[in-house]
Amino acid sequence: MSYSLTRRELLQSASSGFGYLAFAGLSSAAAAADAGVSAAKNPLLPKPPHFPATAKRVIFLCMTGAPSHVDTFDYKPQLAKDHGKQGRYGGQLLKSQWDFRQRGESGLWISDLFPEVARHADDLCLIRSMNCDQPVHPGAQIQMHTGTAQFVRPSLGAWTLYGLGTENDSLPGFVSISPPAGSAQLIGSAFLPAIYGGTGVGRASRISGAGGQRGSGGDTVPDIRNTRLSTNQQRTQLDLIQALNRDKLDRVDHAPGIEGAIESFELAFRMQDAMPDVMDLSDETPETLAMYGADRGDTAAFGKQCLMARRLAEAGVRFIEVTKGGWDHHQNLSTDLPQRCGEIDQPIAGLLADLKQRDLLKDTLVIWGGEFGRTPAAQNGDGRDHNNKGYTTWMAGGGVKGGFSYGETDEHGYAAVTDPCHIHDWHATILHLMGLDHTRLTYRYAGRDFRLTDVHGNVMKKILA
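Quick notes on the rules
Residues numbered from 1 in each chain as written. Predicted model: local features only at pLDDT ≥ 70, side-chain atom pairs only at ≥ 80, totals over all residues. Heavy atoms only, no water. Helix = DSSP H or I, 4+ residues; strand = E, 2+ residues; numbered from the N terminus. Buried < 20%, exposed > 50% of the residue type's maximum accessible area, 1.4 Å probe, protein only. Contact = heavy atoms within 4.5 Å. Areas by Shrake-Rupley, 256 points an atom, 1.4 Å probe, with all protein chains shown as cover. Phe/Tyr/Trp six-rings, centres within 6.5 Å; stacked < 30°, edge-to-face > 60°. Expected span 1.5 Å × (residues − 1). Salt bridge = Lys/Arg side-chain N within 4 Å of Asp/Glu carboxyl O. Axes fitted to C-alpha atoms, helices over the stretch in contact; angles between N-to-C directions. Parallel < 35°, antiparallel > 145°, perpendicular 65-115°, else oblique. Left-handed = near helix turned anticlockwise from the far one by under 90°. Nonpolar A, V, L, I, M, F, W, Y, C, P; charged D, E, K, R; others polar.

### Observations concerning the overall build of the protein
Per the secondary structure count, the protein includes twelve helices and 17 strands. Counting all 465 residues of the protein, 52% fall into the buried class. The long-range share in the protein, meaning contacts at least 24 apart out of those at least 6 apart in sequence, stands at 76%. Only carbon and sulfur atoms are counted for the fraction: they give 52% of the accessible area of the protein, which is about 20900 Å².

### Regarding the packing of aromatic side chains
Both the distance between ring centres and the angle between the ring planes are used here to describe each pair of aromatic rings. Scanning the model with the defined rule gives 16 aromatic pairs in all. Judged by centre distance (5.2 Å) and plane angle (65°), the rings of F73 and W368 are edge-to-face. Here F73 is found in the loop between β1 (57-63) and α2 (77-81), whereas its partner W368 is found in strand β8 (residues 364-369), with 295 residues between them in sequence. Considering the side-chain rings of Y445 and F450, the 6.0 Å spacing of their centres and the 55° angle between planes classify their relative orientation as tilted. In this structure F450 comes out as buried when scored by relative accessible area, which is 8%. Aromatic rings pair up to connect W159, Y162, F191, Y196, Y443, Y445 and F450 into one cluster.

### Concerning helix α10 (residues 300-314)
Across its 15 residues, α10 extends 21 Å between first and last C-alpha, which sits within 8% of the 21 Å expected from 1.5 Å per residue. Judged by how many residues are buried, α10 sits mostly within the fold: 13 of 15 residues are covered.

### Things to note about the pattern of salt bridges
Counting across every chain of the model gives 25 salt bridges. Of the charged contacts, one joins K76 and D74 as a salt bridge, the two residues approaching to 3.8 Å between their closest N and O atoms. Grouping residues by exposure puts K76 and D74 together as buried. Across the salt bridge formed by D419 and K462, the nearest N and O atoms sit 3.1 Å from each other. In this pair, D419 sits in the loop between β14 (416-418) and β15 (421-422) while K462 sits in the segment after β17 (448-450), placing the two residues 43 residues apart along the sequence.

### With respect to the environment of F404
Tracing the backbone shows F404 in strand β12 (residues 404-406). In sequence terms F404 and D122 are 282 residues apart; their C-alpha atoms lie 7.6 Å from each other.

### A closer look at the side chain of T146
Here T146 is to be found in helix α4 (residues 137-146). Given a relative accessible area of 1%, T146 falls into the buried group. Residues contacting T146, with those up to four places away along its chain left out, are R153, P154, S155, Q185, H427 and L452.

### Looking at the packing of α10 against helix α11 (residues 333-357)
Two quantities define a packed helix pair, namely the angle between the helix axes and the distance between the axes. Look at α10 against α11: their axes get within 8 Å of each other, and the N-to-C directions meet at 20°. Between α10 and α11, the angle is such that the two are roughly parallel. As α10 packs across α11, the resulting crossing turns out to be right-handed. Contacts between α10 and α11 pair F302, G303, C306, L307 and R310 from the former with E343, I344, P347, I348, L351, D354 and L355 from the latter. Each residue belonging to the contact of α10 with α11 can be placed in one class, and the counts come to eight nonpolar, one polar and three charged.

Right under this line is the structure:
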């Protein structure tokens, strides 16, 4: 028996049918969007290296102002013999006022300015043939951090985080402790996604448990927590903001600022619980604080920073930079240089010892150095001028040879003459130790593939353990 629909019935059923189809389509689209959001890869998740790494993390002790290498880690007996003579590159030669001694079983020559660090000589790899292109502080600082002084480029820490991700998604993957004023470019991500940029945390005197009270202004990352809202209320507020951000992102072709905001807001929400705990030093023993010199006098500030670096490294942060300024000694070298060295000697020795006893030094690359060195000739009678032709940095742990000296400067310490290590080679080697091939770690931007070392750089294979 056949059944015919009236015109009204046909329209009603067709309307309902189309309505259900539309509703089903919307539901499917929403479900797909939700699945896409939940399945979207967290850009900070750990990534496999290009090859097996010897270092999982970096602690960079950055000495801004440029320490004098010929007074600290580059022993030049000929400079002492020629004291007062006219230097080959101008000015009267100035011998070091501090004795050098052979340290440890390796016999590395290290100045009396670093008696505590010298106890770890057999863990140090001295790179005594560093050189860079910039003879002035701002340019050399930028080149040391980004590989170039001519353009805005991602920093070493940002490249490392981009290549490897981090091991704790509730903490920043790249932290700069006590960054100097105007350091945005030194720790920035430039054209890399914003989430890879460094997070600056304040001065050590404000670290919880070390001069500040947790939750009452002691936290060095301000405004993480909105104390007027509960955690659930914050989550609801953030969900609304993120929905608006994603809606905006769907309507534009390219909006790195919005992408960075979405990722940064989520990280900040997770940080509000994790970061204060990591930064609270009150649970450290008196013995540990004393080991870092964090409990007394001139070593307290930098000691707390080094201890904080260890805590961040232990918590899974990939790249930690600790800055110490005050090394620009154009005059008053005889008084100011011992003061600076005295402020960092015990803290650095404590950091190396602590990492070693926790079995972390073997896969933590500790780096020490400034943007360039100082001249062997005197300036203002009791000072030294800038010198980018030859200077010293050192590394420890993370797969480098301990008790080893790489490269040489000339007899007076002016220019690198044996196995010269340009800043590009330095960067290539750091990435190599992290399991990254500097020629393959690239990012497509403005029509070309960029990398930290541009078209330069050779790994210093002689320093690899």
